[in-house]
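Single-letter residue listing:
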Amino acid sequence: MRIKTNTGNDVAAGGLSTGMIVLGIVSDSTFRIMNDQVSSAIVAQAEYWASGAESFVQNVNPMAAPFSAVGDGVADDYPAVEAACRAAEGKTLFIPAGTYRMASGTPRIGSNTIVVLSQGAVIVQPNYFSYNRPVGPYVMGDVVDWNGLYMNVRTENVYILGGGEIRGPFWQPDVFAYNTSPVQNWPASNGIHARGHDFEQRKGLPLSQNPSKNIHIENIRIEGFAEDAIQLDQVDHSYCSGNILSRCGRGGIRLYGVVNGWLDKNDISHLYPGDYLNNGNRMYGITATRCYLGDLSIDRPSENIWMRDNTVYDVPYWKCLDTHGGVNIRILNNKCYNSHIGIGIDKGGFTVEDGIAPPTNIWVIGNRILRTAPDNPSEGDNGQAGAAIFAVAHDQTDAQVGRGLIINDNVCVGWGEDSRFGALVVSNFVGAQIGGRNQLNSSRRSAICIRERFEGMIEPGIIIDDVRQSSLGVQDGIAVETDEAVGLIGEVTFINRQPTALRAIYLSNPSAGYGFKVAAGHLFRQLGTGTITKIDNANNEQFGPWTQQLRAAARVNADGSISGSRGVASVTKTTTGTYTVILSDPLLAAASNWSVASSRGGSTSIVQADSVDARTITVLTKNASGALTDGGFMLHVFDTDTP
């Protein structure tokens, strides 16, 4: 006898099990069960997931028995909170309001755990060392990691949520107290730490092949740790949103080899004094990097990272946002204030032994990168202001050059080192697009600086406003300071508000096969007393002279008066049949000036035009016998070498 569901469908494989009681009716040779198996399966599946969800949201309260945390900020609550963490795996650890002092350890969050750090709940980690401070090239194996909370290698499915606070050993109640007792740059002191290769290398352990997965940190305040507020190492799928991270010694959020990370709406500030082994360097609001431990097949770069709508300020000696050798990094709509470098895209490895990870497919779009003291060139690392956007790969070789860079719709105010570089710096990138919606204001030395190898485009529409002259006398709008650059410079607006001269475009002499094409329609505005030199270098094009561009034209009467013109300042009849024409703007040189004159109305048979200098043209009008005679003429001036 055949068995069918109530709707006449076949029973799915495994749908009926031994001993199951089934109610139905017999119709001819078919037994039709009363309930539709499809509906029964849905109900069974729903009951399964409901049971799982119920166990997952069961609250474990560290203040309740048998844990009995005190939460008064004095007692050592570590044993109680740690025991509650172990009991909460697969459930929810609900930490109510109170101050929990972790005097003797760091609580570990296990897999499949939700931690709700409720409003008014404060975890205090008072420890920052229990050993002699390391002085070697890296922290030693006996370092004790003192964190607010941590996760072991290969932890999965952790949510740390709420609105509570985690305080490190250097936390102070106000700015005055921080000025009196500032944060120290001690190793292995992080607010929330997902352990990975950095930890394993320090402990002499084999580097794990299996990452942690699904780490979610939201709406937590972290302050006063010696290293990073949040450090995630070798994690697949992480989410950090709405956190307030302040006054840590090295970083806000540090990602080591993280794949698929979303960093959204975090507020990060006051990072100081930096890495304890690097003279205050390596402070990052957010960085997506890798550990430098060798084989890239194990020690992977960070990949598929979104840094969006974050606010980072007061990172005085290094960078607000950063990636080292990242792949598919999206830096979008962030606000960066008062750092040495606003946004950094760096090489991911310094030696072949470390493994070289070139930055690949990087977007820097819609950011606002500002310095509140743009007139102070000494604000920043070692008395130097840095770049708003600094993108550099390891070298010019095909294997190690960066590939795929989009920089667009950014507003950068007050950047550029006095002695080198500029506000927007790109070096060793192929496939680079510096988009037409960028605006660079109050830059020092240069607004855009291209170095070493560059293949790409500086698109039309960029506004370069008010470049300040460096102490070495450099004041460039766009500076191509390399002979290995190829691309196009589209129409740019250059505004000079200074009393010193702006060199709008500087081009180094290109090597064979390299060179920039330069568009013709740039806009120039002199709002200060300083002049604008439109371009420097007449021979910077890949395959030959630039296309001729009409620079001036005039209709001139026989007496030297002008009946119509463009780009001509004046015409003077000096003697019979001899006219001196002065252009409104000088060309690069007399040799680049191609002047074409013709008779106007047939009054003369012969008209000659010759360049005297970059701004002056002599026109001769003659009769059929070759004698000078007054006559009207048409003049067209073409320039082969300037935009």
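What you are looking at is a predicted structure, and each value in this text was computed from that prediction instead of being measured. (Residues numbered from 1 in each chain as written. Predicted model: local features only at pLDDT ≥ 70, side-chain atom pairs only at ≥ 80, totals over all residues. Heavy atoms only, no water.)

1. Notes on the overall build of the chain
And step 1. Along the chain, the regular secondary structure elements total four helices and 50 strands.
And step 2. Relative to its 643 residues, the chain shows a buried fraction of 52%.
And step 3. Partitioning the intrachain contacts of the chain with sequence separation of at least 6 by distance along the chain shows that 69% fall at a separation of at least 24.
And step 4. Surface exposure of the chain reaches about 26,200 Å², of which carbon and sulfur atoms provide 51%. (Helix = DSSP H or I, 4+ residues; strand = E, 2+ residues; numbered from the N terminus. Buried < 20%, exposed > 50% of the residue type's maximum accessible area, 1.4 Å probe, protein only. Contact = heavy atoms within 4.5 Å. Areas by Shrake-Rupley, 256 points an atom, 1.4 Å probe, with all protein chains shown as cover.)

2. Some thoughts on the pattern of salt bridges
And step 1. Taken as a whole and judged by the stated rule, the model has 28 salt bridges.
And step 2. Between Asp398 and Arg453 there is a salt bridge; the shortest N-O distance is 2.8 Å. Linking Asp398 in the loop between strand S29 (389-392) and strand S30 (402-408) with Arg453 in strand S34 (residues 446-458), this pair joins segments that are 55 residues apart in sequence.
And step 3. Two residues, Lys534 and Asp585, come together in a salt bridge whose shortest N-O distance is 3.3 Å. (Salt bridge = Lys/Arg side-chain N within 4 Å of Asp/Glu carboxyl O.)

3. Re the sheet that holds strand S45 (residues 568-575)
And step 1. Ordered by their spatial adjacency, four strands build an open sheet running S45-S46-S49-S48, and the pairing between neighbours is antiparallel. Single-partner strands in this sheet number two, and they are S45 and strand S48 (606-611). The mean angle between the axes of side-by-side strands here comes to 20°, regardless of whether they run parallel or antiparallel. (Pairing = 2+ DSSP bridges. Axes fitted to C-alpha atoms, helices over the stretch in contact; angles between N-to-C directions.)

4. A short note on the pairing of strand S23 (residues 303-308)
And step 1. Relative to S23, strand S20 (residues 259-264) runs parallel, the two being bridged by five bridges. Counted as the bridge partner of Asp264 is Arg308 from S23.
And step 2. In the sheet, S23 pairs with strand S25 (residues 327-332) via five bridges, with the strands oriented parallel. Bridged to Arg308 within S25 is Leu332.

5. Thoughts on helix H2 (residues 78-87)
And step 1. If you check which residues of H2 are buried, you get Tyr78, Ala80, Val81, Glu82, Ala84 and Cys85.
And step 2. Contacts from the buried residues of H2 go to strand S4 (59-60), strand S5 (72-76), strand S6 (92-95) and strand S7 (98-101).

6. Comments concerning the pairing of strand S38 (residues 493-496)
And step 1. On S38, burial covers both faces: Thr493 and Ile495 on one face and Phe494 and Asn496 on the other are all buried.
And step 2. In terms of strand pairing, S38 meets strand S41 (residues 523-526) through four bridges, oriented parallel. From the neighbouring strand, Phe494 faces S41, where its bridge partner is Phe524.

7. Digging into the environment of Arg371
And step 1. Looking at the element boundaries, Arg371 is found in the loop between strand S28 (368-370) and S29.
And step 2. A residue is classified by how much of its surface remains accessible, and Arg371, at 4% relative accessible area, is buried.
And step 3. Distance from Arg371 to Trp415, taken between C-alpha atoms, is 7.1 Å for residues 44 residues apart in sequence.
And step 4. A polar atom in the side chain of Arg371 sits 2.5 Å from the backbone oxygen of Gly414. (Polar contact = N/O pair within 3.5 Å; in protein donor to acceptor, adjacent residues only side chain to side chain.)

8. Digging into the packing of aromatic side chains
And step 1. Tallied over the full model, the rule gives seven aromatic pairs.
And step 2. Between Tyr128 and Phe170 the ring centres are 4.7 Å apart and the planes differ by 40°, which places this aromatic pair in the tilted class. Of this pair, Tyr128 sits in the loop between strand S9 (121-124) and strand S10 (146-151) while Phe170 sits in the loop between strand S12 (165-167) and helix H3 (175-180), placing them 42 residues apart in sequence.
And step 3. Exposure remark for Tyr128: the relative accessible area of 22% places this residue in the partly exposed category.
And step 4. With relative accessibility at 6%, the residue Phe170 sits in the buried group.
And step 5. Seen from the ring of Trp171, Arg167 lies directly overhead, with NZ or CZ sitting 3.9 Å from the centre. (Phe/Tyr/Trp six-rings, centres within 6.5 Å; stacked < 30°, edge-to-face > 60°. Lys NZ or Arg CZ within 6 Å of the ring centre and 35° of its normal.)

9. As for the environment of Ile298
And step 1. By the element assignment, Ile298 lies in the loop between strand S22 (284-289) and S23.
And step 2. Those residues in contact with Ile298 that sit more than four places away from it in its chain are His197, Leu207, Gln209 and Gln234.

10. Regarding unusual backbone geometry
And step 1. Of the consecutive residues Ala65 and Pro66, the connecting peptide bond is found in the cis state with omega at 10°.
And step 2. As for its position among the elements, Pro66 is in the loop between S4 and S5.
And step 3. With an omega of 10°, the peptide bond running from Tyr272 to Pro273 counts as cis.
And step 4. By the secondary structure assignment, Pro273 is in the loop between strand S21 (267-269) and S22.
And step 5. For Gln234, which is not glycine, the phi dihedral falls at a positive 55°.
And step 6. With respect to the secondary-structure elements, Gln234 resides in the loop between strand S16 (228-233) and strand S17 (235-241).

11. Focus: the nonpolar core
Buried together is how nonpolar side chains tend to be arranged in soluble globular proteins.
And step 1. Leu232, Ile448 and Ile464 are the most contacted members of the largest nonpolar core, which totals 98 residues.
And step 2. Each residue touching Ile448, except ones within four places of it in the same chain, is listed here: Leu424, Ile434, Leu440, Ile458, Ile462, Ile464, Gly477, Ile478 and Ala479.
And step 3. In this structure, Tyr579, Leu587, Val607 and Phe633 belong to the second largest nonpolar core, which totals 17 residues. (Core = buried A, V, L, I, M, F, W, Y, C linked by side-chain atoms within 4.5 Å.)

12. Notes on the side chain of Thr289
And step 1. Summarising the element assignment, Thr289 is placed in strand S22.
And step 2. When sequence neighbours within four positions are dropped, the list of residues in contact with Thr289 reads Leu255, Tyr256, Gly257, Pro301, Ser302 and His324.

13. Comments concerning the side chain of Ser427
And step 1. By the secondary structure assignment, Ser427 is in strand S32 (residues 424-434).
And step 2. You can call Ser427 buried: its relative accessible area is 4%.
And step 3. Polar side-chain contacts of Ser427 include one of 3.4 Å to the backbone oxygen of Arg451.
And step 4. Side chain to side chain, Ser427 and Glu452 meet in a polar contact 2.7 Å long.

14. A few points about the state of the cysteines
Here a disulfide denotes a covalent bond joining the sulfur atom of one cysteine to the sulfur atom of another.
And step 1. All told, the structure shown has zero disulfides when counted by the stated rule.
And step 2. Lacking any disulfide linkage, Cys320 is separated from the closest cysteine sulfur, that of Cys336, by 4.4 Å.
And step 3. Looking at Cys320, the relative accessible area reads 0%, which means it is buried.
And step 4. Looking at Cys336, the relative accessible area reads 0%, which means it is buried. (Disulfide = S-S within 2.5 Å.)

15. Remarks on the confidence of the model for the chain
And step 1. Per-residue pLDDT for the chain averages 87, and the proportion of residues at 70 or more is 84%.
And step 2. Taken together, the stretch residues 48-56 has pLDDT below 50 and engages in eight contacts with residues farther than four places along the chain or on a different chain.
And step 3. Of the regions scoring below 50 in pLDDT, residues 541-547 engages in 20 contacts with residues more than four places distant in sequence or in other chains. (pLDDT = per-residue confidence, 0-100.)

16. Describing the environment of Thr289
And step 1. Look at Thr289 and you get buried, because its relative accessible area is 5%.
And step 2. Sequence separation between Thr289 and Asp322 is 33 residues; the distance between their C-alpha atoms is 8.0 Å.

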